[in-house]
Amino acid sequence: VMDNEVDVFYRELPKVELHAHLNGSVSFQTIEKLISRKPHLNIEHGMTAIGKGQRRTLDECFQVFKVIHQLVDTEEDILMVATDVIKEFAADGVKYLELRSTPREEKNTGLTKKRYIETVMKAIQQCRKEGVDIDVRFLVAIDRRNGTEVAMETVKLAEEFMLSSDGLVVGLDLSGDPTVGHGRDLLPALQKAKNCGLKLSLHLSEVPSQLEESDLLLNLPPDRIGHGTFLHPEVGGSASLVEKVVKNNIPLELCLTSNIKGQTVPCYAQHHFKYWYQMGHPSVICTDDKGVFCTDLSQEYQVAASTFGLSREAVWKLSQSAIDCIFAPDTIE
Ligand SMILES: CNc1ncnc2c1ncn2[C@@H]1O[C@H](COP(=O)(O)O)[C@@H](O)[C@H]1O
Ligand SMILES: [Zn+2]
């Protein structure tokens, strides 16, 4: 399932994970438990993960999330999934984790969006009580396909939780199939979120030809960028987009294996990590969906190091500098 030949150096390296979608992070073992809870769905492992050497179109990746969502549709499921995911990140040497997830309503099981977030909060608190060695925060996600109104509702919910969750909810994520919907329709909701103190991490230019949308969203500006694969001129982006990112010093969350397996980047060597890292721009290595893409953060650091020839010292610095990009207030650590 996973390539376990990761050097102990990368495992033991204290790491910060800033871009992890809850339902994309579900491990093989947890999927196994979910499948046995719901045998009638006839879901097999091949439908929930993209194995070693395999590739899918981004579109096919979004089909995979639909399958996982069928498996995770009750409070109990969410509690188990969130608890397992947190413990797995901790076991991989992640000391600070920002999880993100799209609150879902499930009519069949009585799940509400509010209950969804409360359940993730419960998992975070339980792990803390058990002494799991990791600081976990949460970003409420907007699925861009759902449009203006749902986005606005989600922001309201996120704001409520920001004020009541004891600092656990720190921000908002914009994600979902990048080929569906337009950022312009979500601007008012994102602006509102920003005004009320929620930090913004936006998936930006994950696919080509979104210059106009990226420009619009960069004017907010967001606090971090997910992927930003097609921002720079060499791949059809533009100097003015890059300038906005640099001027505002907006960190990029870079997910190498995700982009390779989703085929938005042709190979590791051509990953845009190189462009931004060489420029000295804040670049944070992340997993995106460790379950779906069969990876973990140690492995992503190792791949980055071997692909771009980073020394151990450089890897330490890279992982250390991610701390400057977290959304939790400075008071921690
Ligand atoms: C591969 N690149 C990606 N690009 C954009 N959005 C992505 C994504 N990977 C995951 N998601 C978003 O996260 C959801 C699953 O987790 P949650 O149910 O929210 O926990 C997906 O449905 C999608 O909206
Ligand atoms: Zn993502």
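Residues numbered from 1 in each chain as written. Chains lettered and ligands numbered in written order. Predicted model: local features only at pLDDT ≥ 70, side-chain atom pairs only at ≥ 80, totals over all residues. Heavy atoms only, no water.

For the protein chain, the name recorded in an unreviewed UniProt entry is Adenosine deaminase-like, with Sphaeramia orbicularis as its organism. Under the Sequence similarities (unreviewed entry) heading, UniProt states for the protein chain: "Belongs to the metallo-dependent hydrolases superfamily. Adenosine and AMP deaminases family." Within the UniProt record for the protein chain, the comment given under Subunit (unreviewed entry) is "Monomer." (UniProt positions renumbered as here; feature names shortened; annotations may be inferred.)

Visitor: Where do I start with unusual backbone geometry in this structure?
Guide: Of all residues except glycine, most have a negative phi; of all peptide bonds, most are trans. Here the amide bond leading from Leu 220 into Pro 221 is cis, since omega sits at -20 degrees, within 30 degrees of zero. Assignment of secondary structure puts Pro 221 in the loop between helix H8 (211-218) and strand E6 (224-227). Non-glycine residue Asn 42 carries a positive phi angle of around 55 degrees. Within the secondary structure, Asn 42 is located in the loop between helix H2 (28-37) and helix H3 (58-71). (Helix = DSSP H or I, 4+ residues; strand = E, 2+ residues; numbered from the N terminus.)

Visitor: Mind showing me how you'd approach the UniProt feature "domain: Adenosine deaminase" (unreviewed entry) in the protein chain here?
Guide: Within this structure's numbering, the places UniProt gives as "domain: Adenosine deaminase" (unreviewed entry) are residues 14-330. For residues 14-330, the end-to-end C-alpha separation is 18 Å, with 43% helix and 15% strand making up the annotated structure.

Visitor: Where do I start with the pattern of salt bridges in this structure?
Guide: Close approach of charged atoms allows side chains with opposite charge to pair. Scanning the model with the defined rule gives 26 salt bridges in all. As a salt-bridge pair, Asp 7 and Arg 312 come within 3.4 Å of each other at their nearest N and O atoms. Here Asp 7, found in the segment before helix H1 (8-12), pairs with Arg 312, found in helix H13 (residues 312-321); they are 305 residues apart in sequence, far enough to count as distant. For Asp 7, a relative accessible area of 30% corresponds to the partly exposed category. The salt bridge involving Glu 159 is made with Lys 192; its shortest N-O contact spans 3.9 Å. Here the residue Glu 159 occupies a position in helix H6 (residues 147-164), and Lys 192 occupies one in helix H7 (residues 187-195), the gap between them amounting to 33 residues. Looking at Lys 192, the relative accessible area reads 28%, which means it is partly exposed. (Salt bridge = Lys/Arg side-chain N within 4 Å of Asp/Glu carboxyl O. Buried < 20%, exposed > 50% of the residue type's maximum accessible area, 1.4 Å probe, protein only.)

Visitor: Help me out: how do you make sense of H3 in this one?
Guide: Along an α-helix, a turn takes 3.6 residues, which lines up residues three or four apart on a common side. Across its 14 residues, H3 extends 21 Å between first and last C-alpha, which sits within 8% of the 20 Å expected from 1.5 Å per residue. Every buried residue of H3 is listed here: Leu 58, Cys 61, Phe 62, Val 64, Phe 65, Val 67, Ile 68 and Leu 71. Tucked into the core, H3 has its buried residues touching H2 and helix H4 (75-91). (Expected span 1.5 Å × (residues − 1). Contact = heavy atoms within 4.5 Å.)

Visitor: Please clarify how the pairing of strand E4 (residues 169-175) should be interpreted in this entry.
Guide: Both faces of the sheet carry side chains from a regular strand, because those side chains alternate between them. Most of E4 is tucked away: seven of the seven residues are buried. Strand direction decides the pairing type here: strand E3 (residues 135-143) and E4, joined by six bridges, are parallel. Paired with Leu 139 across the two strands is Gly 171, which belongs to E4. A crossover connection joins E3 to the parallel E4 through H6; in handedness this β-α-β unit is right-handed. Bridge count between E4 and strand E5 (residues 199-204): four bridges; the pairing is parallel. Each residue of the ladder has a partner; that of Leu 174, found in E5, is Leu 202. Once the chain exits E4 it traverses H7 before rejoining the sheet at E5, and the crossover so formed is right-handed. (Pairing = 2+ DSSP bridges. Right-handed = clockwise from strand over helix to strand, strands pointing away.)

Visitor: I keep staring at the environment of Leu 202 and nothing clicks. Help me out?
Guide: Following the sequence through the fold, Leu 202 ends up in strand E5. Residue Leu 202 is classed as buried on the basis of its relative accessible area, which comes to 0%. Sequence separation between Leu 202 and Thr 148 is 54 residues, and the spatial gap between their C-alpha atoms is 16 Å. Apart from residues lying up to four places away in sequence, Leu 202 is in contact with Leu 174, Leu 190, Leu 217, Leu 220, Pro 222, Arg 224, Ile 225 and Gly 226.

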